[in-house]
Amino acid sequence: MIERIDISRIHVLGGTDDDARRFVESDFKIRSGLCPNGHGLLQETDFGQACEQCGFSTNKRAEKVAHQ
Ligand SMILES: [Zn+2]
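Numbering of residues starts from 1 in each chain and follows the order in which that chain's sequence is written. pLDDT decides what is reported in this predicted model: residues at 70 or higher carry local features, side-chain atom pairs at 80 or more are listed and counted, and totals for whole chains, interfaces and linings draw on all residues regardless. Note that the side-chain values use all heavy atoms of the structure and ignore hydrogens as well as water.

**Student:** Go over the sheet that holds strand S1 (residues 43–44), please, and point to the residues and values.
**Tutor:** The strands that make up a sheet pair up through hydrogen bonds in the backbone, lying either parallel or antiparallel. Taken in spatial order, the three strands of this open sheet run S1-S2-S3, and their pairing is antiparallel. Edge strands, defined here as strands with exactly one partner in the open sheet, are S1 and strand S3 (57–58). The pairing criterion is simple: DSSP has to find at least two bridges between the two strands. Only DSSP runs of H or I covering at least 4 residues are called helices, and only runs of E covering at least 2 are called strands; the numbering of each starts at the N terminus. Bridge analysis of S1 against strand S2 (residues 49–50) gives two bridges, and the strand direction is antiparallel. Directly across from Glu44, in S2, lies its bridge partner Gln49.

**Student:** Run through the coordination of the zinc ion, naming residues and quoting values.
**Tutor:** The expected angle between donors at a tetrahedral four-coordinate metal is 109.5 degrees. At an octahedral six-coordinate metal it is 90 or 180 degrees. For Na, K and Ca the donor cutoff is 3.2 Å, while for all other metals N, O and S atoms must lie within 2.8 Å; water is not among the atoms, so some sites may look incomplete. Summarising the metal site, the zinc ion is bound by the protein donors Cys35 (SG), His39 (ND1), Cys51 (SG) and Cys54 (SG), whose distances to it range over 2.0 to 2.4 Å. Irregular is the default label, applied whenever a site is not tetrahedral (four donors, all angles between 85 and 135 degrees) and neither square planar nor octahedral (four or six donors, opposite donors over 155 degrees apart, all other angles between 65 and 115). Classification of the site at the zinc ion as tetrahedral follows from its four donor atoms and the range of 106 to 114° in their angles at the metal. Linear spacing of the donor residues for the zinc ion on their chain is C-x3-H-x11-C-x2-C. Burial status follows relative accessibility: with a 1.4 Å probe on protein chains alone, a residue under 20% of its type maximum counts as buried, one over 50% as exposed, and anything between as partly exposed. A relative accessible area of 29% places His39 in the partly exposed class.

**Student:** An account of the pattern of salt bridges is needed here, citing residue identities and associated values.
**Tutor:** Salt bridges, as used here, are contacts in which a Lys or Arg side-chain nitrogen is within 4 Å of a carboxyl oxygen on Asp or Glu. Summed over all chains, the structure comprises seven salt bridges. The partner of Asp19 in a salt bridge is Arg22, with the nearest N and O atoms 2.8 Å apart. Of this pair, Asp19 and Arg22 both sit in helix H1 (residues 17–31), three residues apart, roughly one helical turn. Judged by relative accessible area, which is 27%, Asp19 ranks as partly exposed. Taking relative accessible area as the criterion, Arg22 reaches 53% and is therefore assigned exposed. For the salt bridge of Arg31 with Asp27, the shortest nitrogen-to-oxygen distance reads 2.8 Å. Of this pair, Arg31 and Asp27 both sit in helix H1, four residues apart, which is roughly one turn of the helix. When salt bridges with common partners are traced through the structure, they connect Asp27, Arg31, Lys60 and Glu63 into a single cluster.

That's the geometry; what it means functionally is another story.
Following this line, the structure appears as structure tokens:
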């Protein structure tokens, strides 16, 4: 089970609560293996994950979840 980061632990330098919320959402999607820009599944690469559609890439890997 992938859980969102506790938003109270996030501090976006020079940012607002909205920035913190966006960070939490995009981090959650990345760890779920999804493009934070809404393109669906990310491709696994040697260094992490990448989106073929928008070129987004990250060195965070998706956490494996058991789909039932
Ligand atoms: Zn994308």
